[in-house]
Amino acid sequence: MVASSSADPPLNLPPSVNLSSPLRRLSGHLLDLILAVVTLLIGWLIWSLIVWARGQTPGKQLLGMRVISSDTQAVVGWGRMGLREVICKGVIGLVAGITVIGTVLYLWLLWDDQNQELWDKMATTLVVDDPQRVLARP
């Protein structure tokens, strides 16, 4: 079990599943960026729309990571991933682009006890390492 603050519900994750570290999450972001460039964005978008149903982005899929609900610890589906990836990240990106303090928003996970980015807080999600695919939906 992972320790959490009193405001966060306790995590009951399977033994082989852990919260993703900030460095691993950064690696996922960079991998998504590289894949988007290499596939001229079109391939990455199509791949994303397919794997969002499994709580992943292409980068997260390659790194064995998943997005889960912070409330239920269940893998999120296409709708929550769309909310998280398009709406929440879009709002954060817009605020970061027009404010000086906005760049701090991208560093939020460095001091968060559950390694959540601000868009994870907005969408009530967590990013976990699931290398053995324990959380994979049947």
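Data block above holds the structure.
Report on the accompanying structure. Bear in mind the structure is a predicted one, so any value in this text is a computation, not a measurement. (Residues numbered from 1 in each chain as written. Predicted model: local features only at pLDDT ≥ 70, side-chain atom pairs only at ≥ 80, totals over all residues. Heavy atoms only, no water.)

### Here we look at the pattern of salt bridges
Now for step 1: Considering all chains together, one arrives at seven salt bridges under this definition.
Now for step 2: Salt-bridge contacts for Asp 129 lead to Arg 24; the nearest nitrogen and oxygen are separated by 2.7 Å. A residue pair is termed long-range when its members are at least 10 positions apart, and Asp 129 in strand β3 (residues 125–129) and Arg 24 in helix α1 (residues 22–38) qualify at 105 residues.
Now for step 3: Glu 85 is the salt-bridge partner of Lys 89, the closest N and O atoms lying 3.0 Å from each other. Remark: Glu 85 and Lys 89 occur in helix α4 (residues 78–98); sequence separation between them is four residues, near one turn of the helix.
Now for step 4: We classify Lys 89 as buried; its relative accessible area is 18%.
Now for step 5: Since its relative accessible area comes to 14%, Glu 85 is described here as buried.
Now for step 6: Here the salt bridges do not stand alone but share partners, grouping Arg 25, Arg 84, Glu 85, Lys 89 and Asp 120 into one network. (Salt bridge = Lys/Arg side-chain N within 4 Å of Asp/Glu carboxyl O. Helix = DSSP H or I, 4+ residues; strand = E, 2+ residues; numbered from the N terminus. Buried < 20%, exposed > 50% of the residue type's maximum accessible area, 1.4 Å probe, protein only.)

### Things to note about the sheet that holds strand β2 (residues 65–69)
Now for step 1: Taking strand neighbours across the sheet as the criterion, the three strands line up as β1-β3-β2 in an open arrangement whose pairing is antiparallel. If you trace the sheet from one side to the other, it starts and ends with β1 (18–19) and β2, each paired once.
Now for step 2: Here β2 runs beside β3; their pairing, made up of five bridges, is antiparallel. Its bridge partner being in β3, Met 65 is matched across the sheet by Asp 129. (Pairing = 2+ DSSP bridges.)

### Examining a nonpolar patch on the surface
Now for step 1: A surface patch of nonpolar side chains, amounting to about 470 Å² of accessible area, comprises Leu 83, Val 86, Ile 87, Val 91, Val 95 and Met 122.
Now for step 2: Sorting elements by how many residues they give to the nonpolar patch places α4 first, with five residues.
Now for step 3: A residue is classified by how much of its surface remains accessible, and Leu 83, at 35% relative accessible area, is partly exposed. (Patch = residues over 30% accessible without salt bridge, like charges linked within 9 Å, V, L, I, M, F, W, Y side chains within 5 Å. Areas by Shrake-Rupley, 256 points an atom, 1.4 Å probe, with all protein chains shown as cover.)

### Points about the pairing of β2
Every regular strand shows the same layout, with side chains that alternate between the two sheet faces.
Now for step 1: With respect to burial, β2 is a largely interior element, five of its five residues being buried.
Now for step 2: In β2, alternate side chains face the same way, and those of Met 65, Val 67 and Ser 69 on one face and Arg 66 and Ile 68 on the other are all buried.

### What about the layout of surface pockets?
Now for step 1: Here the largest pocket defines a volume of roughly 180 Å³.
Now for step 2: Taken together, Pro 22, Leu 23, Arg 25, Leu 26, His 29, Tyr 106, Leu 107, Leu 109, Leu 110, Glu 117 and Trp 119 make up the full set of residues lining the largest pocket.
Now for step 3: For the lining of the largest pocket, the class distribution of residues is eight nonpolar, one polar and two charged.
Now for step 4: Of the pockets and cavities examined, the second largest pocket occupies roughly 160 Å³.
Now for step 5: Lining the second largest pocket, in full, are His 29, Asp 32, Trp 44, Thr 57, Lys 60, Glu 85, Lys 89 and Trp 119.
Now for step 6: Residues of the lining of the second largest pocket, tallied by class, amount to two nonpolar, two polar and four charged. (1 Å grid on protein atoms, 1.4 Å probe; cavity = no way out; pocket = protein on both sides within 12 Å on 5 of 7 lines; lining within 4 Å. Points joined across faces, edges and corners; volume = space filled by probe spheres on them. Nonpolar A, V, L, I, M, F, W, Y, C, P; charged D, E, K, R; others polar.)

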